[in-house]
Number of protein chains: 2
Amino acid sequence: MARTGHTAGTPRCSISAVMGLRERKKLEAWRTIRSTALRLISERGFDAVSVEDIAAEAGVSRTTFFSYFPTKEAVAFDLDPQALAEWRERVATDTDDRPLWPALTDLYVDMATVLAEWLPVQKRVLQQHPGLTQSARATCDTFAPDLYRWISRRTPDGDRLLTSLLLNASMAGYITALEVWDPADPLDVLLDSVRTCLHRVGAGLAAPEHSPSTA
Amino acid sequence: MARTGHTAGTPRCSISAVMGLRERKKLEAWRTIRSTALRLISERGFDAVSVEDIAAEAGVSRTTFFSYFPTKEAVAFDLDPQALAEWRERVATDTDDRPLWPALTDLYVDMATVLAEWLPVQKRVLQQHPGLTQSARATCDTFAPDLYRWISRRTPDGDRLLTSLLLNASMAGYITALEVWDPADPLDVLLDSVRTCLHRVGAGLAAPEHSPSTA
DNA sequence: CCCAAAACCTGAACGCAGTACAAGTTCTTA
DNA sequence: TAAGAACTTGTACTGCGTTCAGGTTTTGGG
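This report concerns the structure included in the present document.

Quick notes on the rules
Residues numbered from 1 in each chain as written. Chains lettered and ligands numbered in written order. Predicted model: local features only at pLDDT ≥ 70, side-chain atom pairs only at ≥ 80, totals over all residues. Heavy atoms only, no water. Helix = DSSP H or I, 4+ residues; strand = E, 2+ residues; numbered from the N terminus. Buried < 20%, exposed > 50% of the residue type's maximum accessible area, 1.4 Å probe, protein only. Contact = heavy atoms within 4.5 Å. Near = heavy atom within 4 Å. Polar contact = N/O pair within 3.5 Å; in protein donor to acceptor, adjacent residues only side chain to side chain. Nonpolar A, V, L, I, M, F, W, Y, C, P; charged D, E, K, R; others polar. Salt bridge = Lys/Arg side-chain N within 4 Å of Asp/Glu carboxyl O. Buried area = accessible area lost by both parts, 1.4 Å probe. Least-squares fit on C-alpha atoms with pLDDT ≥ 70 in both. Expected span 1.5 Å × (residues − 1). Phe/Tyr/Trp six-rings, centres within 6.5 Å; stacked < 30°, edge-to-face > 60°. Lys NZ or Arg CZ within 6 Å of the ring centre and 35° of its normal. Axes fitted to C-alpha atoms, helices over the stretch in contact; angles between N-to-C directions. Parallel < 35°, antiparallel > 145°, perpendicular 65-115°, else oblique. Left-handed = near helix turned anticlockwise from the far one by under 90°.

### Some thoughts on the overall build of chain A
Helices and strands together make up the secondary structure of chain A, namely eleven helices and zero strands. Counting across all 215 residues of chain A, residues that qualify as buried make up 45%. The long-range share in chain A, meaning contacts at least 24 apart out of those at least 6 apart in sequence, stands at 68%.

So, in structure tokens, the structure goes:
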């Protein structure tokens, strides 16, 4: 959103043809509010910026702000609607011909890729304000339902415990990679880390290498 | 706190001898506020109870409420100071002679045991108000630092990624067991579930049984 | 037993998040 | 181009969380 200039007048490919004026304006407003918010928060810190500040700076009323974002934290952590739609498309059209765990790993890598642009900013905000860790997890909860459906589609025995376990454990791997990642590092480092974490969880954490007495 | 009557005048063992009057009153106030809050929330639902209601019903001022609990959600999810202290004692005095993963599993089982009394209530509140799932995770964050230290003590190579991964993945197992547990079931069901989940995570979730194409 | 210091409780006032609603404005569609 | 749907806005309200000055209770030393 900073480097590439497709924020306002540069619609990408055929999307603007499909979307009406109304929908385009909405997306534009969403992005204006978000980027304004991230800028102010980066400058002053999360607590020192009020919703009123953000709304005013974005040229919109406080009421409108809350029609776009349910909470103040959401403006920092919600996913771009278009990026989310793209990722959902990938998940929905995913073929079932690969083993579950590697395929699941790729979905997380895709997600990190989709989020690439603003992930460093989010990370920096979190570093400055650790109390928001919960909100960061809430970001994951946005796509958790999609992943749950995807997983349960592939565990036909209907084992709810197993399905939830696969979801939560894989997400733990993803979150761990995010936690340890330094936003100054390039994205590839994060992606490798995601793969590593997911692989380790998949391979089993009780493996001999981690148990001192059985090494 | 309901069945056994050690709330007020029946101090258990030597604890009251160690604690001064001041400290004893504090703990008592803490428990009065908490139980009052849980009662009201169970009756009316989380959103329909204000902090003012709870404070009034507990015979304490609103300001005092916030001196005991940082937020309204905390009154439903914070851990009993004494129970927390007992668990911390167990963690600190734990011997290092067993393999990591089974020992870690036991710590989670211990935790569930310590929380046994109010876990069903908490679970019911969450069922009625799914929006509080985040707060439930915040409960885990209370003892996350202790677990982190415990784990890193046993991963001497100082691998931060591995340490965090062990923490997050094991916690995912614990949370999964909690999620799937029905509060109407006895505690043993939960404890078994915790053990099962942790064991599966430890054994590796990418095992053949879960991968359709390699089965 | 008494007195000072410390810890605690309280009421009042404040800022801000989030909601509800009625009135106005802009886009759509027929 | 007109009816209607969708969006925006100002206003008013509830309730969370903080601050602070002043009163009360506990503690510990003399």
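### Considering the protein's contact with DNA strand D
By nearness alone, 21 residues border DNA strand D, and Thr 64 of chain A together with Leu 21, Lys 25, Arg 62 and Lys 72 of chain B come closest of all. Counted by atom, the contact set of DNA strand D within 4 Å of the protein is 66% sugar and phosphate. Between DNA strand D and Arg 22 of chain A there is a distance of 3.0 Å, counted from a base nitrogen to a side-chain nitrogen or oxygen. Only α2 (21–44) and α4 (62–68) of chain A together with α2 (21–44) and α4 (62–68) of chain B provide two or more residues apiece to the surface near DNA strand D. Take the surface near DNA strand D: its biggest share by element is four residues, from α4 of chain A. For the surface near DNA strand D, the class distribution of residues is seven nonpolar, eight polar and six charged.

### Notes on the pattern of salt bridges
For side chains of opposite charge, pairing can occur when their charged atoms come near one another. One pass over the full model with this rule turns up 26 salt bridges over all chains. Among the ionic pairs, Arg 39 of chain A bridges to Glu 43 of chain A, the shortest N-O distance being 3.6 Å. Here the residue Arg 39 of chain A and the residue Glu 43 of chain A both occupy positions in helix α2, the gap between them amounting to four residues, near one helical turn. Using a relative accessible area of 38% as the deciding quantity, one classes Arg 39 of chain A as partly exposed. Here Arg 31 of chain B and Asp 80 of chain B are joined by a salt bridge, their closest N and O atoms 2.8 Å apart. Placement of Arg 31 of chain B in helix α2 and of Asp 80 of chain B in the loop between α5 (74–77) and α6 (81–92) is noted, with a sequence separation of 49 residues between them. Here the salt bridges do not stand alone but share partners, grouping Asp 94, Asp 96, Arg 153 and Arg 154 of chain A into one network.

### Let's talk about the interface of chain A and chain B
If you look at the interface, chain A gives 40 residues, while chain B gives 40 residues. When the two sides are added together, the surface that chain A and chain B hide from each other amounts to roughly 3300 Å², 63% of it contributed by carbon and sulfur. When the buried area of chain A at its contact with chain B is split by residue, Leu 161, Leu 165 and Leu 205 of chain A rank highest and sum to 19% of it. Counting every contact that joins chain A to chain B gives two salt bridges. Between chain A and chain B we count seven residue pairs in polar contact (both at pLDDT 80 or more) in total. Contributions of two or more residues to the side of chain A that touches chain B are made by α7 (100–114), α9 (133–153), α10 (160–180) and α11 (187–203) of chain A. A per-element tally of the side of chain A that touches chain B places α10 of chain A first, with 14 residues.

### A look at the protein's contact with DNA strand C
Lining the immediate environment of DNA strand C, one finds 20 residues, of which Lys 25, Arg 62 and Lys 72 of chain A together with Ser 61 and Thr 64 of chain B sit closest. Each atom of DNA strand C within 4 Å of the protein belongs either to a base or to sugar and phosphate, the latter forming 60%. Here Ser 61 of chain B contributes a backbone N or O atom positioned 3.0 Å from a phosphate oxygen of DNA strand C. A distance of 3.1 Å separates a phosphate oxygen of DNA strand C from a polar side-chain atom of Tyr 68 of chain B. Going through the elements one at a time, α2 and α4 of chain A together with α2 and α4 of chain B are the ones with two or more residues in the surface near DNA strand C. Among the elements that line the surface near DNA strand C, the one with the most residues is α4 of chain B, at four residues. Each residue belonging to the surface near DNA strand C can be placed in one class, and the counts come to six nonpolar, seven polar and seven charged.

### Describing the relation of the copies chain A and chain B
The relation between the two copies of this chain is a rotation about an axis and a shift parallel to it. Rotating chain A by 180 degrees and moving it 0.0 Å along the rotation axis overlays it on chain B with an RMSD of 0.1 Å. Classification of the inter-copy transformation places it as that of a two-fold axis. Ranked by how close their C-alpha atoms come to the rotation axis, the residues of chain A are headed by Gly 204 of chain A, at 1.6 Å. The fraction of interface residues of chain A whose copies in chain B are also interface residues reaches 100%, indicating that both copies meet through the same surface.

### Thoughts on helix α10 (residues 160–180) of chain B
All names here are of chain B. With 21 residues, α10 extends 30 Å from end C-alpha to end C-alpha; this agrees with the ideal 30 Å at 1.5 Å per step. Of all 21 residues making up α10, 18 are buried, and the element is well covered by its neighbours. Sitting at the head of α10, Asp 159 places a side-chain oxygen 3.1 Å from the backbone nitrogen of Leu 161.

### Quick notes on the packing of aromatic side chains
Any aromatic ring pair is given by two values, namely how distant the centres are and how the planes are angled relative to each other. Residues and elements named next belong to chain A. Considering all chains together, one arrives at ten aromatic pairs over all chains under this definition. Taking 5.7 Å as the distance between ring centres and 40 degrees as the angle between the ring planes, the aromatic pair formed by Phe 65 and Phe 69 counts as tilted. The side chain of Arg 34 reaches across the aromatic face of Trp 118, ending 4.7 Å from its centre. Over the ring of Phe 46 we find Lys 72; its NZ or CZ atom is 4.4 Å from the centre of that ring.

### Thoughts on α6 of chain B
All names here are of chain B. Taking 1.5 Å per residue as the helical rise, α6 with its twelve residues ought to reach 16 Å, and the 16 Å between its terminal C-alpha atoms agrees with that figure. Buried within α6 we find Gln 82, Ala 83, Leu 84, Trp 87 and Val 91. Sitting at the head of α6, Asp 80 places a side-chain oxygen 2.8 Å from the backbone nitrogen of Gln 82.

### Brief notes about the packing of α10 of chain A against helix α11 (residues 187–203) of chain B
Between α10 of chain A and α11 of chain B, whose axes approach to 11 Å, the crossing angle comes to 55 degrees. Classified by the angle between their axes, α10 of chain A and α11 of chain B sit oblique to one another. At the point where α10 of chain A passes α11 of chain B, the crossing takes the right-handed sense. Residue-level inspection shows Leu 161, Leu 162, Leu 165 and Ala 169 of chain A of α10 of chain A in contact with α11 of chain B, the latter providing Ser 193, Thr 196, Cys 197, Arg 200 and Val 201 of chain B. Counted by class, the contact of α10 of chain A with α11 of chain B contains six nonpolar, two polar and one charged residues.

### Let's talk about the packing of helix α7 (residues 100–114) of chain B against α10 of chain B
Residue and element names in this part refer to chain B. At their nearest, the axes of α7 and α10 sit 11 Å apart, and the two run at 45 degrees to each other. When the interaxial angle is binned, α7 and α10 end up oblique. Both α7 and α10 take part in a crossing whose hand is right-handed. The residues of α10 that touch α7, namely those facing Leu 100, Trp 101, Leu 104, Tyr 108, Met 111 and Ala 112, are Leu 166, Leu 167, Ser 170, Met 171 and Tyr 174. Looking at the contact of α7 with α10, its residues break down into ten nonpolar, one polar and no charged.

Geometric descriptors of this kind do not, in isolation, establish any biological role.
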